[in-house]
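Chain residues, written in single-letter form:
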Amino acid sequence: MFSRSRLSLRFRWSLSLSFSLANTIIFYEDRNFQGRSYECMSDCPDMSSYLNRCHSCRVERGCFVFYDRTNYMGNQYFMRRGEYTDYMSMMGMSDCIRPKCNPPLSPAPQYRGNYRMRIYERENFGGQMTQLMDDCDNIMDCFCMSNCMSCNVMDGHWLMYEQPHYRGRMMYFRPGEYRNFMNYGMSDMRFMSMRHITDSCY
């Protein structure tokens, strides 16, 4: 990580970038890319040392997952390549921009290959199981599943949303076993739709 100007400001949140060093995101203190800026090319668990606030950003390469607490905790927001002139308001995070707010950001690595994930109705891979290899906009309509409490991501990288049609809060999943979503700070969420992250996002 490096900044385009030397900063000694107090702004709390963190960022995690994709695994490729080509990925780049630039944050600005004010809307419409104004004010002090900070450029990141690697993960950042807490950005309070670099910016006092942040209201706009440019994702120049790659895609990222933004967290509303430091150390990659809290609600997550997916950001693909593009310009975000007032992204905090777009994401409903304007209340977080104050000295004691801790939003972080995390990267989604590039991936080319098959996509495969098993979702389970209950924690610890219990209850009804369904295997996905493509997006699903509503698990109730597609599989008669009323809830998803654990999953096993075998191939690819996925986003899961608490509402049908990819709406509401979301969580990013890389390959691995997730036995209980409550262990990841998502105790009040029910995932109802999921989609895989494709090359077009980058």
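In short, a report on the structure. It should be emphasised that the depicted structure is a prediction, and the values quoted were computed from it without experimental measurement.

### A closer look at the packing of aromatic side chains
Applying the stated criterion across every chain, the model contains nine aromatic pairs. Taken together, a centroid distance of 4.2 Å and an interplanar angle of 15° make the contact between Tyr38 and Tyr50 stacked. With a gap of 12 residues between them, Tyr38 in strand S3 (residues 34-40) and Tyr50 in the loop between S3 and strand S4 (56-61) connect regions that are remote in the sequence. When the ring of Phe173 is compared with that of Tyr178, the centres are 4.7 Å apart and the planes differ by 85°; the resulting orientation is edge-to-face. On the basis of relative accessible area, Phe173 is assigned to the buried category, the value being 0%. Note on Tyr178: relative accessible area 10%, which makes it buried. Ring-pair connections join several aromatic residues into one group, and the members of that group are Phe173, Tyr178, Phe181 and Phe191. Directly above the ring of Tyr166 sits Arg195, whose terminal nitrogen or CZ lies 3.8 Å from the centroid.

### Examining the environment of Arg31
Examined against the element boundaries, Arg31 turns out to sit in the loop between strand S2 (24-30) and S3. Residues Arg31 and Cys54 lie 23 residues apart in sequence; the distance between their C-alpha atoms is 8.0 Å.

### Digging into the sheet that holds S3
Taking strand neighbours across the sheet as the criterion, the four strands line up as S3-S2-S4-S7 in an open arrangement whose pairing is antiparallel. Each having just a single partner strand, S3 and strand S7 (82-84) make up the two edges of the open sheet. Adjacent strand axes in the sheet meet at a mean angle of 15°, parallel and antiparallel pairs treated alike. Here five bridges tie S2 to S4, and the two strands are oriented antiparallel to one another. Directly across from Ile25, in S4, lies its bridge partner Val59.

### Describing the pattern of salt bridges
Inspection of the entire model under this criterion finds six salt bridges. Between Arg53 and Asp30 there is a salt bridge, with its nearest N and O atoms 2.7 Å apart. Residue Arg53 is located in the loop between S3 and S4, and its partner Asp30 is located in strand S2; the two are separated by 23 residues in the primary sequence. Here Asp30 falls in the partly exposed class, since its relative accessible area comes to 25%. Of the charged contacts, one joins Arg179 and Glu177 as a salt bridge, the two residues approaching to 3.6 Å between their closest N and O atoms.

### Description of the side chain of Asn180
Checked against the element boundaries, Asn180 lands in the loop between strand S14 (176-178) and strand S15 (193-196). Its relative accessible area of 13% is what places Asn180 among the buried residues. At 3.0 Å, the side chain of Asn180 forms a polar contact with the backbone nitrogen of Met182. Setting aside chain neighbours within four positions, we find Asn180 in contact with Glu123, Met149 and Ser150.

### Details of the pairing of strand S12 (residues 158-163)
Among the six residues in S12, five count as buried, and that is most of the element. Here S12 pairs with strand S13 (residues 167-173) via five bridges, running antiparallel. Following the sheet pairing, Gln163 is matched in S13 by Arg167. Hairpin connection from S12 to S13: three residues lie between these consecutive antiparallel strands, with His165 at a positive phi of about 65°. Pairing analysis gives four bridges linking S12 to S15, with the strands arranged antiparallel. Note that in S15 the partner of Trp158 across the bridge is His196.

What counts and how
Along each chain, residue indices are assigned from 1 in the same order as the chain's sequence is written. Residues qualify for local features only when their pLDDT is at least 70, as the model is predicted, and side-chain atom pairs are given and counted only at 80 or more; totals for whole chains, interfaces and linings, by contrast, use all residues. The side-chain numbers reported here are obtained from all heavy atoms of the structure, hydrogens and water having been left aside. Note on ring pairs: Phe, Tyr and Trp rings are taken, using the six-membered ring of Trp, and paired if centres are within 6.5 Å. Classes follow the plane angle, with under 30 degrees stacked, over 60 edge-to-face and the rest tilted. The helix and strand labels rest on DSSP assignments: H or I over at least four residues marks a helix, E over at least two residues marks a strand, and numbering proceeds from the N terminus. Each residue gets one of three labels from its accessible area relative to the maximum for its type: buried under 20%, exposed over 50%, partly exposed in between, using a 1.4 Å probe on protein chains only. A ring has a charge above it when a Lys NZ or an Arg CZ is no more than 6 Å from the ring centre and no more than 35 degrees off the ring normal. Criterion used throughout: strands pair if DSSP finds at least two bridges between them. Axis definition: a line fit to C-alpha positions, over the contact stretch in the case of helices; interaxial angles, taken between N-to-C directions, run 0 to 180 degrees. Here, a salt bridge means any side-chain nitrogen of Lys or Arg that lies within 4 Å of a carboxyl oxygen of Asp or Glu. Polar contacts here mean pairs of N or O atoms no more than 3.5 Å apart (in protein, one a potential hydrogen donor and the other a potential acceptor; neighbouring residues in sequence count only if both atoms are side-chain atoms). Whether two residues are in contact is decided by their heavy atoms: any pair within 4.5 Å suffices.

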